[in-house]
Amino acid sequence: MTTTPKMKETKTIPINYTVERLKDGTARLLVEQTPVPGPLTRPVAVRYLIDDHGEPVIRRGALLGYDRINPSLLFLVVRAGDLISLGKRTIGEASTVWTHYKVGRGFRLMEIDIKGRRLSYAEIRSRVGPYRLLEQPSECDDSLREFLSDSDHPKWMLPILERQKRKWRANHPSKYYHLVPSEIKESEIRRVVKIAPGAAIRFLLPKLTKIQTRSCIRRALATAVIHAYDEIPPTHLKTAIRDYPSLLLKHQGKRIPVDMLMHCVRIEPFEAFVIRKQFPTDLRAKILAETCVLPFQLFKSGNISRLPAEIETSFRRYPVEWIEIYHNDFSKLFRVLERHGRMKMCPKLLNFLKSSLPPEYRPSLFKFIANQL
């Protein structure tokens, strides 16, 4: 990451901002906000994008270290070419005074000649490119935690960040423990376990007693699924399958028993379909067989133009896995293969199954063939 201090002179008020470039081509845009005489205002920063339906979407950045006297910090994650707005909302009123910018090359801010008012949807559409979702620190603890742990911030920013940490510690200790775990003291572990069990599981697990670990898992099971799976007792694992099947699929799908995996697949079939290629090919065949009948064209399932070829390849490599998913119901199986895999029941396909299936599956196949005559 590189840090580039910037000073931009606009036609309104000079703004002091720093750009911290990230490895993925994005950057942290960090804007200093200094209180001015007059009515009390609260700074705000937003980034615009256009969603898949062509509608403008507004994502708000984080405000750190805010008070009435000292400078504070607005924090947005941006790409070159973005449209952003910085505003000051008068506390106690609905009005906000806005300044709008395009993020140019080198992440330089270029002011747009629309001042004071907010942008209309038509103005946003005319200035924003394709859909480019970025998680903002106001919505993503991981992004904010990584930022706070960085030791390469400019000196002017450090008092602001320290002020914000003190405010969290005093008023929102659970948030503080989640966002600044590196500053947790040994003497605070019992308190963290009590008020922030998720933070304790994620950041302090090796330091917890067995009783503390069980207590945290019971009260922060979703976090335990991701960060302490090996510590989850069987009774809580059953609860996790019921309440957090999507998390289990994404984070522990390769580790849970197959029967539990398929139970999660049946509860969250679209999630399972999207991540199916992360699994070994035999498990992928089971997931594909379970989910291939769903209306993927209605959801963000990626490019499915090659789905029929994937189904045929999967079925020919793992016919037993497919047959078991359909409980030896060859009639239903062939309807699915024909509709979604474009595989017609023909002598060639039947001969393939006769020669490749284990003996215990052949009676059901022969019964199906006999019923077709």
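Residues numbered from 1 in each chain as written. Predicted model: local features only at pLDDT ≥ 70, side-chain atom pairs only at ≥ 80, totals over all residues. Heavy atoms only, no water.

(A) Here's a closer look at the overall build of the chain. Helix and strand content of the chain: 18 helices and ten strands. Computed over C-alpha atoms, the radius of gyration of the chain comes to 28 Å, more than 25% over the 21 Å expected from 2.2 N^0.38 for 373 residues, which places it beyond the range of a compact globule. Taking contacts inside the chain between residues at least 6 apart in sequence as the whole, the part at least 24 apart equals 53%. With the model as given, the accessible surface of the chain reaches about 20,500 Å², and the carbon-plus-sulfur share is 52%. For the chain, the distance from the average site of its 64 positive side-chain charges to the average site of its 39 negative ones is 1 Å. (Helix = DSSP H or I, 4+ residues; strand = E, 2+ residues; numbered from the N terminus. Rg over C-alpha atoms; globule rule 2.2 N^0.38 Å. Contact = heavy atoms within 4.5 Å. Areas by Shrake-Rupley, 256 points an atom, 1.4 Å probe, with all protein chains shown as cover. Lys, Arg positive; Asp, Glu negative; His and termini not counted. Charge placed at Lys NZ, Arg CZ, Asp CG, Glu CD.)

(B) View of the side chain of glutamine 164. Turning to its location among the elements, glutamine 164 is positioned in helix α3 (residues 158-171). Discounting chain neighbours no more than four positions away, the residues touching glutamine 164 are Leu63, Leu64, Gly65 and Tyr66.

(C) Expanded view of the nonpolar core. Formed by 81 residues in total, the largest nonpolar core has its most connected members in Phe147, Leu248, Trp322 and Phe330. Excluding residues that lie within four positions of it along the chain, tryptophan 322 makes contacts with Ala285, Leu288, Ala289, Cys292, Ile311, Ser314, Phe315, Leu333 and Leu337. Core analysis: the next-biggest nonpolar cluster, separate from the first, contains 18 residues, Val19, Leu63, Leu74 and Tyr101 among them. (Core = buried A, V, L, I, M, F, W, Y, C linked by side-chain atoms within 4.5 Å. Buried < 20%, exposed > 50% of the residue type's maximum accessible area, 1.4 Å probe, protein only.)

(D) The pattern of salt bridges, seen in detail. All chains considered together, the criterion is met by 21 salt bridges. Note that lysine 165 and glutamate 183 form a salt bridge whose closest N and O atoms lie 3.0 Å from each other. With lysine 165 in helix α3 and glutamate 183 in the loop between α4 (173-179) and α5 (189-195), the pair connects residues that are 18 residues apart, well separated along the chain. For glutamate 183, a relative accessible area of 30% puts it in the partly exposed group. Linking aspartate 230 and arginine 255 is a salt bridge whose minimum nitrogen-to-oxygen distance equals 2.3 Å. Residue aspartate 230 is located in the loop between α8 (221-227) and α9 (234-243), and its partner arginine 255 is located in the loop between α10 (245-252) and α11 (258-267); the two are separated by 25 residues in the primary sequence. The class of aspartate 230 is exposed, set by a relative accessible area of 58%. Residue classification places arginine 255 among the partly exposed positions, given a relative accessible area of 47%. Each member of the salt-bridge network shares a partner with another, and the members are Glu20, Arg28, Glu146 and Asp150. (Salt bridge = Lys/Arg side-chain N within 4 Å of Asp/Glu carboxyl O.)

(E) Up close: the sheet that holds strand β8 (residues 83-90). If you trace the five strands from one edge of the open sheet to the other, you get β5-β4-β8-β9-β10, paired in antiparallel fashion. Each edge of the open sheet is held by one strand with a lone partner, namely β5 (56-60) and β10 (109-116). Averaged over all neighbouring strand pairs, the angle between strand axes comes to 30 degrees, with direction disregarded. Inspection of the sheet shows strand β9 (residues 96-103) paired to β10 by five bridges, in the antiparallel sense. Pairing of tyrosine 101 across the sheet is with glutamate 111, part of β10. (Pairing = 2+ DSSP bridges. Axes fitted to C-alpha atoms, helices over the stretch in contact; angles between N-to-C directions.)

(F) Expanded view of the packing of aromatic side chains. Counted according to the given criterion, the structure contains six aromatic pairs. Ring centres of tyrosine 176 and tyrosine 177 lie 5.7 Å apart, and the angle between their planes is 65 degrees; on these two criteria the pair is classed as edge-to-face. Considered together, tyrosine 176 and tyrosine 177 belong to a single accessibility category, that of buried residues. Ring centres of phenylalanine 315 and tryptophan 322 lie 6.2 Å apart, and the angle between their planes is 85 degrees; this geometry places the pair in the edge-to-face category. Neither residue differs from the other here; phenylalanine 315 and tryptophan 322 are each classed as buried. Among the aromatic residues, those joined into a cluster by ring pairs are Phe330, Phe334 and Phe368. Positioned over the ring face of tyrosine 66 is arginine 42, at 4.8 Å from the centre of the ring. One residue, arginine 316, lies across the ring of phenylalanine 352, its end atom 5.3 Å from the ring centre. (Phe/Tyr/Trp six-rings, centres within 6.5 Å; stacked < 30°, edge-to-face > 60°. Lys NZ or Arg CZ within 6 Å of the ring centre and 35° of its normal.)

(G) A look at the environment of histidine 100. For histidine 100, the location among the structural elements is in strand β9. Setting aside residues up to four positions removed in sequence, histidine 100 forms contacts with Tyr48, Ile84, Ser85, Met110, Glu111, Ile112, Ile114, Arg117, Arg118 and Leu119. A distance of 2.5 Å separates the side chain of histidine 100 from the side chain of serine 85, its partner in a polar contact. (Polar contact = N/O pair within 3.5 Å; in protein donor to acceptor, adjacent residues only side chain to side chain.)

(H) Fine view of the environment of phenylalanine 352. For phenylalanine 352, the position within the fold is in helix α17 (residues 347-356). Excluding residues within four positions of it along the chain, phenylalanine 352 makes contact with Phe315, Arg316 and Pro319.

(I) Highlighting the packing of helix α6 (residues 197-204) against helix α7 (residues 210-219). Two numbers describe how α6 lies on α7: the axes approach to 8 Å, and their chain directions differ by 125 degrees. Between α6 and α7, the angle falls in the class oblique. Helix-helix and strand crossings are classified by hand; for α6 and α7 the assignment is left-handed. Residues Pro197, Ala200 and Ile201 of α6 pack against Cys216, Ile217 and Arg219 of α7. By residue class, the composition of the contact of α6 with α7 is five nonpolar, no polar and one charged. (Parallel < 35°, antiparallel > 145°, perpendicular 65-115°, else oblique. Left-handed = near helix turned anticlockwise from the far one by under 90°. Nonpolar A, V, L, I, M, F, W, Y, C, P; charged D, E, K, R; others polar.)

(J) Structural view of unusual backbone geometry. At histidine 327, a residue that is not glycine, the phi angle is positive and equals roughly 55 degrees. The topology assignment puts histidine 327 in the loop between α15 (319-325) and α16 (330-340). Even without being a glycine, arginine 342 presents a positive backbone phi close to 55 degrees. Among the secondary structure elements, arginine 342 is positioned in the loop between α16 and α17. According to the relative accessible area criterion, arginine 342 is exposed, its value standing at 65%.

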